[in-house]
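A closer look at the structure
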Amino acid sequence: LSTLAAQAALAASNAKLYATAEIGRQRLEAVLNATPEPVLVIDEQFRLLLFNEAALKVQGLLLSPITGRPINEAIANAELLEMISSPSRESLLTRELALPGNSFYLVSVSPVQAENRQVGKVCLMRDISRYKELDIMKTEFVQMVSHNLRQPLTLMKGYVTMLEMVGSLNIQQKDYVKNIIAGVDNMNRLVNNLLNLGRIESGIALQIEKSEAEKVIEAVIRSLQALAEQKGIKLVFMPPEQNIPEFEADMALLQEALYNLVENAIKYTPVNGRVKLSVEPRPNAVVFEVKDTGMGIAPLDQQKLFETFYRSAKQDIRQQKGSGLGLAIVKSVAVKHHGDVWVESQLGKGSAFYLSIPLRQPKNKEVIE
Ligand code: ADP
């Protein structure tokens, strides 16, 4: 009798536990379904554990919306599958995904930890199609304006330069002409930068070729040596200690990105400073480093440097001419190569910018969407 009673008590407590767990599950499901953003939950065996109604409505996301299926049978998008299967254990992965029907989602995949071990992953998706559309409109507008500004600027520069040829100018007039030319040159630089940024962002075809790090660096040094010398800055290339493997990249774009980094380093380093270029191999990438002994960058500025038009508000920075587009171009070039760019800096001591380019670029992806 006592054995039977003990078993009955165990069964009753199990039933109670089950009921509690079931209530918890139903609550979680209700919360997920009330969430307007698509959510997917994956267990540690990479099976689709839960998804909400918003996820069901996303075109081209789920192959078969049945819980318990392995993710490669349940999820249709290859890029999302790759994000979920990536081995990163602690960190949050965030990426933009283009899905059928011209929709864009900002997807973040984060590991779920319980009792110090990973028990699965949660994937959150935010619909950013509207922002993307606005961004494209903005890019097209800027492109159109800068394109149309190019011709009148060339015309102005031409006529101003010719003024001296058609009659003699007095000293004051010559001074005015010099100022006009400097102004037109500044506008030209801005327009060219805007066009370059637009070109890179709006999907030009990358001309991928086998590239050698030292060649790119030497070309950049050659074109900026004079500027460095004018300011009494030592511009040096530190030859790598290890062999740098050949890598795939668009040489012209990579050169432009490095040029911008070195030009900045010269610009924001006081007279008699030093700018050092180096390159290092990493397991699947090459990393370029541009290090200066300049004024450095405040931590608050470091977070925003790579945004279009961002310039530090510091007085000594503002004294230098600039448009806030150079680093935005570097970032675009890095992103288009599936690489990265980052900065380490200390105020008053100097900055080091790093540009990492993967050794291989995806096949058949030369044309960027
Ligand atoms: P610009 O130089 O035309 O202002 P960039 O996009 O090239 O635009 O740079 C953005 C800002 O980043 C600069 O205004 C400056 O504040 C900061 N910056 C970039 N490179 C350096 C550097 N090497 N040292 C210090 N500050 C820098």
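Residues numbered from 1 in each chain as written. Predicted model: local features only at pLDDT ≥ 70, side-chain atom pairs only at ≥ 80, totals over all residues. Heavy atoms only, no water.

Moving on, we get to the sheet that holds strand β11 (residues 340–346). Sheet strands pair via backbone hydrogen bonds, and the direction of the pair is either parallel or antiparallel. Across the sheet, which stays open at both edges, the 5 strands sit in the order β7-β9-β10-β12-β11 with mixed pairing between neighbours. Sheet topology places β7 (234–237) and β11 at the edges, where each strand pairs with a single neighbour. In this sheet, adjacent strand axes meet at a mean angle of 15 degrees when their direction is disregarded. Inspection of the sheet shows strand β9 (residues 274–282) paired to strand β10 (residues 285–292) by 8 bridges, in the antiparallel sense. (Pairing = 2+ DSSP bridges. Helix = DSSP H or I, 4+ residues; strand = E, 2+ residues; numbered from the N terminus. Axes fitted to C-alpha atoms, helices over the stretch in contact; angles between N-to-C directions.)

Moving on to the pairing of β10. With 7 of 8 residues buried, β10 is to be regarded as a mostly interior element. Between β9 and β10, which pair antiparallel one after the other, the connecting turn spans 2 residues. (Buried < 20%, exposed > 50% of the residue type's maximum accessible area, 1.4 Å probe, protein only.)

Our focus in this paragraph is the site of the ligand. Taken together, 20 residues sit near the ligand, with N264, Y268, R311, S323 and L327 positioned nearest. Separating an oxygen atom of the ligand from a side-chain N or O atom of K267 is a distance of 3.1 Å. For the ligand, whose unbound accessible area comes to 530 Å², protein coverage reaches 97%. Looking at the shell around the ligand, the elements that each hand over two or more residues are α8 (251–267), α11 (326–336) and β12 (350–358). When grouped by side-chain class, the residues that make up the shell around the ligand number 9 nonpolar, 8 polar and 3 charged. (Near = heavy atom within 4 Å. Polar contact = N/O pair within 3.5 Å; in protein donor to acceptor, adjacent residues only side chain to side chain. Areas by Shrake-Rupley, 256 points an atom, 1.4 Å probe, with all protein chains shown as cover. Nonpolar A, V, L, I, M, F, W, Y, C, P; charged D, E, K, R; others polar.)

This brings us to a nonpolar patch on the surface. Where nonpolar side chains cluster on the molecular surface, the patch consists of L155, Y159, M162, L163, M165 and V166 and spans about 690 Å² of accessible area. A relative accessible area of 55% places Y159 in the exposed class. (Patch = residues over 30% accessible without salt bridge, like charges linked within 9 Å, V, L, I, M, F, W, Y side chains within 5 Å. Salt bridge = Lys/Arg side-chain N within 4 Å of Asp/Glu carboxyl O.)

For the chain, per-residue confidence averages 89 on the pLDDT scale, and 97% of positions sit at 70 or higher. Ignoring residues within four places in sequence, the model shows residues 365–369, a span with pLDDT below 50, making 9 contacts including any to other chains. (pLDDT = per-residue confidence, 0-100. Contact = heavy atoms within 4.5 Å.)

Counted at 1.5 Å a residue, the expected span for helix α7 (residues 213–230) with its 18 residues is 26 Å, and the 26 Å between its end C-alpha atoms agrees. The sharpest bend along α7 reaches about 50 degrees and sits at L224. Regarding α7, the residues found buried are A213, V216, I217, A219, V220, I221, L224 and A228. Tucked into the core, α7 has its buried residues touching β6 (208–211), β7, β8 (247–250), α8, β9 and β10. Positive backbone phi, approximately 70 degrees, marks G232, located one or two places after α7. (Expected span 1.5 Å × (residues − 1). Bend = angle between axes of the 7 residues up to and from the residue.)

Time to look at the packing of aromatic side chains. Tallied over the full model, the rule gives 3 aromatic pairs. Where F247 meets F288, the ring centres are 6.1 Å apart and the plane angle is 70 degrees; that geometry is what we call edge-to-face. Placement of the pair is F247 in strand β8 and F288 in strand β10, with a sequence separation of 41 residues. With a relative accessible area of 0%, F247 lands in the buried category. F288 gets classed as buried once you look at its relative accessible area, which sits at 1%. Centroid distance F306 to F353: 6.3 Å. Interplanar angle 75 degrees. Geometry classified as edge-to-face. In this pair, F306 sits in the loop between α9 (299–302) and α10 (315–318) while F353 sits in strand β12, placing the two residues 47 residues apart along the sequence. (Phe/Tyr/Trp six-rings, centres within 6.5 Å; stacked < 30°, edge-to-face > 60°.)

What follows is about the nonpolar core. Core analysis: the biggest nonpolar cluster contains 47 residues, and L235, F247, V262, F288 and L355 have the highest contact counts within it. Take this core: its biggest share by element is 9 residues, from α8. The residues touching L235, leaving out its near neighbours within four places in the chain, are I221, L224, Q225, A228, V262, I266, V275 and L277. Of all hydrophobic cores here, the second largest spans 22 residues; its members include I42, V58, A74 and C123. (Core = buried A, V, L, I, M, F, W, Y, C linked by side-chain atoms within 4.5 Å.)

With that out of the way, let us pick up the packing of α8 against α11. Close contact between α8 and α11 brings their axes to 9 Å; oriented N to C, the two are set at 145 degrees. As for the relative orientation of α8 and α11, their crossing is left-handed in sense. Here L253, L254, E256, A257, N260, L261 and N264 of α8 lie close against α11, whose contacting residues are G326, L327, I329, V330 and V333. Grouping the constituent residues of the contact of α8 with α11 by class yields 8 nonpolar, 3 polar and 1 charged. (Left-handed = near helix turned anticlockwise from the far one by under 90°.)

Before going further, it helps to spend a moment on the pattern of salt bridges. One pass over the full model with this rule turns up 14 salt bridges. Across the pair R25 and E22 runs a salt bridge whose closest N-O atoms are separated by 3.5 Å. Of this pair, R25 and E22 are both found in helix α1 (residues 2–34), 3 residues apart, which corresponds to roughly one turn of the helix. Since its relative accessible area comes to 39%, R25 is described here as partly exposed. Residue class for E22 comes out partly exposed when judged on its relative accessible area of 22%. Notably, a salt bridge pairs K157 with D185, separated by 2.9 Å at the nearest N-O pair. One end of the pair, K157, is in helix α5 (residues 129–162); the other, D185, is in helix α6 (residues 171–201), with 28 residues separating them in the sequence.

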